[in-house]
Amino acid sequence: MEEDGFEEQAAMLCPRCHDHILHMNLLPDERPCWKITCHDDGTASLHPSVWRKKDCGVHFWLRRGRVHWT
Ligand SMILES: [Zn+2]
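Residues numbered from 1 in each chain as written. Predicted model: local features only at pLDDT ≥ 70, side-chain atom pairs only at ≥ 80, totals over all residues. Heavy atoms only, no water.

> Tell me about the pattern of salt bridges, residues and numbers included.
In this structure the tally under the stated criterion is two salt bridges. We note a salt bridge from Arg 64 to Asp 41, for which the minimum N-O separation is 3.5 Å. Of this pair, Arg 64 sits in the loop between strand E6 (59–63) and strand E7 (66–69) while Asp 41 sits in the loop between strand E3 (35–38) and strand E4 (44–47), placing them 23 residues apart in sequence. For Arg 64, a relative accessible area of 45% translates into the label partly exposed. Residues Asp 55 and Arg 52 are paired through a salt bridge, measuring 2.6 Å at the closest nitrogen-oxygen approach. Residue Arg 52 is classed as partly exposed on the basis of its relative accessible area, which comes to 22%. (Salt bridge = Lys/Arg side-chain N within 4 Å of Asp/Glu carboxyl O. Helix = DSSP H or I, 4+ residues; strand = E, 2+ residues; numbered from the N terminus. Buried < 20%, exposed > 50% of the residue type's maximum accessible area, 1.4 Å probe, protein only.)

Okay, here's the thing in structure tokens:
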């Protein structure tokens, strides 16, 4: 999980096509929004799953810093 410097947003390179950046809003008063959970081992999880309907249509869960394909 890479942080882009904005606490209100998480960003990571698309794990499917590696061709675009996925931005996940973390502010609860905006939609859609994601909840990020940081674990003791330094990894992070996102909820709900990330689903990009345009571009490559990537859909995955990020759990403990690892991509889990749906
Ligand atoms: Zn992609």
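And the narrative resumes.
> Explain a negative patch on the surface to me, using residue names and the numbers behind them.
On the surface, Glu 7, Glu 8, Asp 29 and Glu 30 cluster together to form a negatively charged patch. For Glu 30, the location among the structural elements is in the loop between strand E2 (21–25) and E3. Residue class for Glu 30 comes out partly exposed when judged on its relative accessible area of 41%. (Patch = residues over 30% accessible without salt bridge, like charges linked within 9 Å, V, L, I, M, F, W, Y side chains within 5 Å. Areas by Shrake-Rupley, 256 points an atom, 1.4 Å probe, with all protein chains shown as cover. Lys, Arg positive; Asp, Glu negative; His and termini not counted. Charge placed at Lys NZ, Arg CZ, Asp CG, Glu CD.)

> So what's going on with the sheet that holds E6? Which residues, and what values?
One open sheet holds the three strands; their spatial order is E5-E6-E7, and the pairing between them is antiparallel. Of all strands in the sheet, those with a lone pairing partner are strand E5 (50–51) and E7, marking the two edges. Note that E6 and E7 share four bridges and pair antiparallel. Its bridge partner being in E7, Phe 60 is matched across the sheet by Trp 69. (Pairing = 2+ DSSP bridges.)

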